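# Understanding the architecture of this molecule
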Amino acid sequence: MERNPSISAPHQRDVVGVGTLTDQGEASACTASLDASKAAAIVYFAQSASYPDSFTDMTGADALSAPSDVTVAATTLTGNGWTLTLSGGGATRPTFVCS
């Protein structure tokens, strides 16, 4: 059997590790939560004529619903390996940052 020279064994850098997949999953979860939080802040504003100061403002007003595996605190949502932080609110639109 003749070997095809265009096919070679994978190099170490070509293999995707589980850690990379986990990191991408965590980033995706945080990004999805960030997008949902931005939308919820607009819903909250439409209901109350002010922006939310906290995630608990949004969950209390049913503008945002968090999954059971996400911890909701005043200015953070914390999931498995990620944290979404809220700042601002009140008279100005809040900002959200994933870490």
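Residues numbered from 1 in each chain as written. Predicted model: local features only at pLDDT ≥ 70, side-chain atom pairs only at ≥ 80, totals over all residues. Heavy atoms only, no water.

## Brief notes about the overall build of the protein
- Within the protein, the regular secondary structure consists of 2 helices and 4 strands.
- Walking the protein from its N terminus toward its C terminus, one meets helices and strands in the order α-α-β-β-β-β.
- Split into buried and exposed, the 99 residues of the protein put 24% on the buried side.
- Restricting the contact set of the protein to residue pairs at least 6 apart, pairs at least 24 apart contribute 42%. (Helix = DSSP H or I, 4+ residues; strand = E, 2+ residues; numbered from the N terminus. Buried < 20%, exposed > 50% of the residue type's maximum accessible area, 1.4 Å probe, protein only. Contact = heavy atoms within 4.5 Å.)

## With respect to the nonpolar core
- Among the nonpolar cores identified, the biggest contains 15 residues, and Phe55, Met58, Leu64, Leu77, Trp82, Leu84 and Phe96 are the most heavily contacted of them.
- Put simply, the parts of the chain that give this core at least two residues each are helix H1 (18-48), helix H2 (55-60) and strand E3 (82-87).
- Per element, the largest residue contribution to this core is 5 residues, and it comes from H1.
- What Phe96 contacts, discounting residues up to four positions off in sequence, is Leu34, Ser37, Lys38, Ala41, Phe55, Met58, Leu84, Thr85 and Leu86. (Core = buried A, V, L, I, M, F, W, Y, C linked by side-chain atoms within 4.5 Å.)

## Some points on the environment of Thr92
- Mapped onto the secondary structure, Thr92 falls in the loop between E3 and strand E4 (95-98).
- Along the primary structure Thr92 and Asp53 are separated by 39 residues, whereas in three dimensions their C-alpha atoms are 9.4 Å apart.

## Observations regarding the confidence of the model for the protein
- Residues of the protein with pLDDT of at least 70 account for 76%, and the chain-wide mean is 81.
- Low pLDDT (under 50) marks residues 3-23, which in the prediction has 2 contacts with non-local residues, meaning those over four places away or in another chain. (pLDDT = per-residue confidence, 0-100.)

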